[in-house]
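# Observations on the three-dimensional arrangement
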Amino acid sequence: RNQSIFSYHRTYLIAPQVPNNKKWVDIDWHSLEHKMPSITKTMELTLELLDYVLQDKNNKIDTTRVYVLGISMGGYGVWDIVQRRPHMFAAAVPICGGGDVSLCHLISHLPIWAWHGDSDDVINVARSRYMFDELKKEGSDLIYSEIKDRGHDVWIDVWNSKELWKWLFSKKLSNKINQNE
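What comes next is a walk through the structure.

The rules behind each value
Residues numbered from 1 in each chain as written. Predicted model: local features only at pLDDT ≥ 70, side-chain atom pairs only at ≥ 80, totals over all residues. Heavy atoms only, no water. Buried < 20%, exposed > 50% of the residue type's maximum accessible area, 1.4 Å probe, protein only. Helix = DSSP H or I, 4+ residues; strand = E, 2+ residues; numbered from the N terminus. Pairing = 2+ DSSP bridges. Salt bridge = Lys/Arg side-chain N within 4 Å of Asp/Glu carboxyl O. Expected span 1.5 Å × (residues − 1). Phe/Tyr/Trp six-rings, centres within 6.5 Å; stacked < 30°, edge-to-face > 60°. Right-handed = clockwise from strand over helix to strand, strands pointing away.

All right, on to the pairing of strand S2 (residues 91-95) then. Successive residues of a regular strand alternate their side chains across the two faces of the sheet. The buried count for S2 comes to five of five residues, which makes it a mostly enclosed element. Here S2 shows two buried faces, one formed by Ala91, Val93 and Ile95 and the other by Ala92 and Pro94. Where strand S1 (residues 67-71) meets S2, five bridges bridge the pair, whose relative direction is parallel. For valine 68, the partnering residue across the bridge sits in S2 and is alanine 92.

Scanning the entire structure with this criterion turns up eight salt bridges. Ionic pairing is found between lysine 41 and glutamate 44, a salt bridge with its closest N-O pair at 3.9 Å. Taken together, the residues lysine 41 and glutamate 44, both in helix H1 (residues 41-55) and three residues apart, mark about one turn of the helix. Using a relative accessible area of 30% as the deciding quantity, one classes glutamate 44 as partly exposed.

This part takes up helix H3 (residues 126-137). Here H3 is twelve residues long and its end C-alpha atoms lie 16 Å apart, about the 16 Å a rise of 1.5 Å per residue gives. Within H3 the residues assigned to the buried category are Ala126, Arg127, Ser128, Met131 and Leu135. Looking one or two places after H3, you find glycine 139, whose phi comes out positive at around 90 degrees.

What follows covers the environment of serine 119. As for its position among the elements, serine 119 is in the loop between strand S3 (113-117) and H3. What makes serine 119 partly exposed here is its relative accessible area of 42%. Sequence spacing of serine 119 and leucine 47 is 72 residues, and the spatial spacing of their C-alpha atoms is 32 Å.

Take the packing of aromatic side chains next. Across all of its chains, the model carries six aromatic pairs by this definition. Between tyrosine 67 and phenylalanine 169, the ring centres sit 5.9 Å apart and the planes meet at 90 degrees, which makes this aromatic pair edge-to-face. One end of the pair, tyrosine 67, is in strand S1; the other, phenylalanine 169, is in helix H5 (residues 162-169), with 102 residues separating them in the sequence. Grouping residues by exposure puts tyrosine 67 and phenylalanine 169 together as buried.

The next thing to look at is the pairing of strand S4 (residues 143-147). Here S3 pairs with S4 via five bridges, running parallel. In the strand pairing of S4, histidine 116 is matched with glutamate 146. The β-α-β motif built from S3, the intervening H3 and the parallel element S4 has right-handed crossover chirality.

As structure tokens, then:
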């Protein structure tokens, strides 16, 4: 019997979308440089939504088990949101994205499993490598899976990884810090 990992965990899913012609992070995807820009309206609204949902006691959400995952533009969004709110999430899974390496010290404590295909022709794999290298310098024990001969469709490997889902659902914030930090 093929059962999903989600059948073992009560899971709430929030999947915000970016309007046409907008981005989670207003940067040039083709550039290898990245300094955190001003927050986009879409990211600002997403953080407001998360704050609202998490603070509503009727939702009965374990705020020590909030995870963030995103692919491509969403991979950039994952790096951005955890660098803006480094104590909000119990774990992060950025897939084919990049962030501001100068802010890696803010998230070196965070369990992160980053993914990228080594043949990605949409988002340069160097973006994930830069984040991995800098986080390692900061003492992070993040996991980085660079899939050989895989392009931008590395999410196939992510979704099919039983290890990832076990790892993700095992993460919990040990000392709940103000999630608005």
